[in-house]
Amino acid sequence: MGNCLTKEQETSSAVKLCLSDVNSTNYTSAVPSVITIAKASTTPPYSKTVEDIVTCSEVQYNKKKEPRTLKFYHANEEQDRLQNQHWIVKVTWGGNFSAPVFLQKNSRVLDVGCGPGTWVLDMATEYVATKFTGVDSDAHFPKFVKPRNASFIQLNVLEGLPWEENHFDFVYQRMLFASCTQTQYREQIRELVRIVKSGGWIEIMEPDLEYNNSGPVGKLFIDCAFKILKSKKVDIKISANITSWFESADLVDIKYLQKMTPLGKWGGTLGETALEDNINFLKLMKPFLQPEMGVSDAEYERLLCSLIQEVEEYHSSLNTFRCYGKKPAAE
């Protein structure tokens with residue numbers, strides 16, 4: 001079984017996941033080719049056992065005081081985590097996208113909810129003749145150090161996208177399910193269809209929220225997360241609904257794919273890195289999860305450490321899915 005990381009053990013395994021050095025010849029200035037995972041904290045003393053916490057009574061919280069969407073208080077840590085997440089996804093899936101897209105000179109690609117822009121930067125380095133644009137409501141993406149064929153725009157995607165119809169050859173969106181309600185998400189899909197060209201492709205990637213082979217601690221985290229997401233009218237069954245949403249948006253040639261990512265040392269380097277990412281995500285979710293759990297700071301850390309042990313014992317994992325479809329050719 002694994003234990004909580006000490007300060008001496010905080011070396012990130014993301015270095016091992018780096019697929020190749022970034023080709024800096026296409027860059028306006030040098031960029032680092034290795035992305036590091038946010039450091040884990042040391043283990044504090046605890047006053048309750050894991051069993052006590054898992055079976056403790058639920059604590060009600062004032063939902064009116066909660067943010068409308070899951071905005072994190074530690075933005076820099078979240079951007080670091082999203083950069084690592086990109087490499088975990090790329091290794092898990094064996095590439096940056098799954099749709100049968102042929103990117104050529106002057107093709108236009110949009111990344112919706114680009115975060116720190118890692119997907120755009122990686123794609124723009126690989127497809128130097130294609131034009132890539134990333135949009136996000138927070139401007140954590142690069143402003144100066146980026147490939148010449150990459151650009152970024154700060155805007156709220158829920159308020160509509162500023163391009164005319166049939167503008168992009170490929171539209172990509174990843175991990176935005178918790179940022180909007182189910183109604184907003186379905187409307188967003190229609191907006192993506194509007195701006196993609198006839199014959200162009202849309203691809204959306206999201207997580208399946210439940211752990212595979214979950215133990216009691218993992219189930220506690222998931223159950224509390226479900227309650228919070230439901231209170232914000234987020235669709236927690238998006239993996240089951242996405243295909244029908246694509247159909248209702250009149251997309252064709254729809255395909256749904258799913259991949260499993262191991263959590264923990266039992267899954268090798270990928271599993272270790274994915275577990276670090278998952279633990280860091282739960283740390284960022286602490287302001288939302290802790291009140292629902294009704295535990296102290298020390299007890300919350302105890303649960304995180306117990307989860308690290310639990311995923312090794314149960315061989316836990318997480319699924320992600322990709323769904324893509326094509327906009328029909330104009331009649």
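This text follows the structure it describes.
The rules behind these values
- Residues numbered from 1 in each chain as written.
- Predicted model: local features only at pLDDT ≥ 70, side-chain atom pairs only at ≥ 80, totals over all residues.
- Heavy atoms only, no water.
- Helix = DSSP H or I, 4+ residues; strand = E, 2+ residues; numbered from the N terminus.
- Buried < 20%, exposed > 50% of the residue type's maximum accessible area, 1.4 Å probe, protein only.
- Areas by Shrake-Rupley, 256 points an atom, 1.4 Å probe, with all protein chains shown as cover.
- Salt bridge = Lys/Arg side-chain N within 4 Å of Asp/Glu carboxyl O.
- Expected span 1.5 Å × (residues − 1).
- Axes fitted to C-alpha atoms, helices over the stretch in contact; angles between N-to-C directions.
- Parallel < 35°, antiparallel > 145°, perpendicular 65-115°, else oblique.
- Contact = heavy atoms within 4.5 Å.
- Nonpolar A, V, L, I, M, F, W, Y, C, P; charged D, E, K, R; others polar.
- Pairing = 2+ DSSP bridges.
- Right-handed = clockwise from strand over helix to strand, strands pointing away.

Regarding the overall build of the protein chain
Here's step 1: Within the protein chain, the regular secondary structure consists of ten helices and seven strands.
Here's step 2: In the protein chain, buried positions account for 51% of the 331 residues.
Here's step 3: Carbon and sulfur atoms make up 50% of the accessible area of the protein chain, which totals about 15700 Å².

Thoughts on the pattern of salt bridges
Here's step 1: The final tally for this structure, using the stated rule, is nine salt bridges.
Here's step 2: Put simply, Asp277 and Arg81 hold a salt bridge, and the shortest N to O gap is 3.1 Å. Of this pair, Asp277 sits in helix 8 (residues 268–284) while Arg81 is found in helix 3 (residues 75–93), placing the two residues 196 residues apart along the sequence.
Here's step 3: Residue Asp277 is classed as buried on the basis of its relative accessible area, which comes to 11%.
Here's step 4: Looking at Arg81, the relative accessible area reads 6%, which means it is buried.

Examining helix 10 (residues 297–314)
Here's step 1: The terminal C-alpha atoms of helix 10 lie 26 Å apart, and with 18 residues this matches the ideal 26 Å at 1.5 Å per residue to within 8%.
Here's step 2: Those residues of helix 10 that sit buried are Glu299, Tyr300, Glu301, Leu303, Leu304, Cys305, Ser306, Leu307, Ile308, Glu310, Val311 and Glu312.
Here's step 3: Immediately downstream of helix 10, the backbone of His315 shows phi near 55 degrees, a positive value.

A short note on the packing of helix 6 (residues 216–231) against helix 9 (residues 286–293)
Here's step 1: In the contact formed by helix 6 and helix 9, the axes pass within 9 Å of each other and the chain directions differ by 105 degrees. Accordingly, the angle class assigned to the pair helix 6 and helix 9 is roughly perpendicular. Of the residues in helix 9, those in contact with Leu220, Phe221, Cys224, Ala225, Lys227 and Ile228 of helix 6 are Phe288, Leu289, Glu292 and Met293.
Here's step 2: Classifying every residue of the contact of helix 6 with helix 9 by side-chain character gives eight nonpolar, no polar and two charged.

Remarks on the sheet that holds strand 5 (residues 196–212)
Sheets are built from strands that pair by backbone hydrogen bonding, the pairs being arranged parallel or antiparallel.
Here's step 1: Across the sheet, which stays open at both edges, the seven strands sit in the order 3-2-1-4-5-7-6 with mixed pairing between neighbours. Edge positions in the open sheet fall to strand 3 (150–154) and strand 6 (252–262), since each of these has one partner strand only. Shown here is a sheet whose adjacent strand axes are inclined to one another by a mean of 15 degrees, direction ignored.
Here's step 2: One ladder, built from six bridges, connects strand 4 (residues 168–174) with strand 5; its direction is parallel. Across the sheet, the residue bridging to Phe170 is Trp201, located in strand 5.
Here's step 3: Lying on the sheet, helix 5 (residues 182–195) is in contact with strand 1 (108–112), strand 4 and strand 5; it crosses strand 5 at an angle near 150 degrees.

Things to note about the pairing of strand 5
Here's step 1: At this point the chain moves from strand 4, through helix 5, to the parallel strand 5, and the crossover so formed is right-handed.
Here's step 2: By the bridge criterion, ten bridges tie strand 5 to strand 7 (residues 317–326) in an arrangement that is antiparallel. Opposite Met205, over in strand 7, you have Arg322 as the bridge partner.

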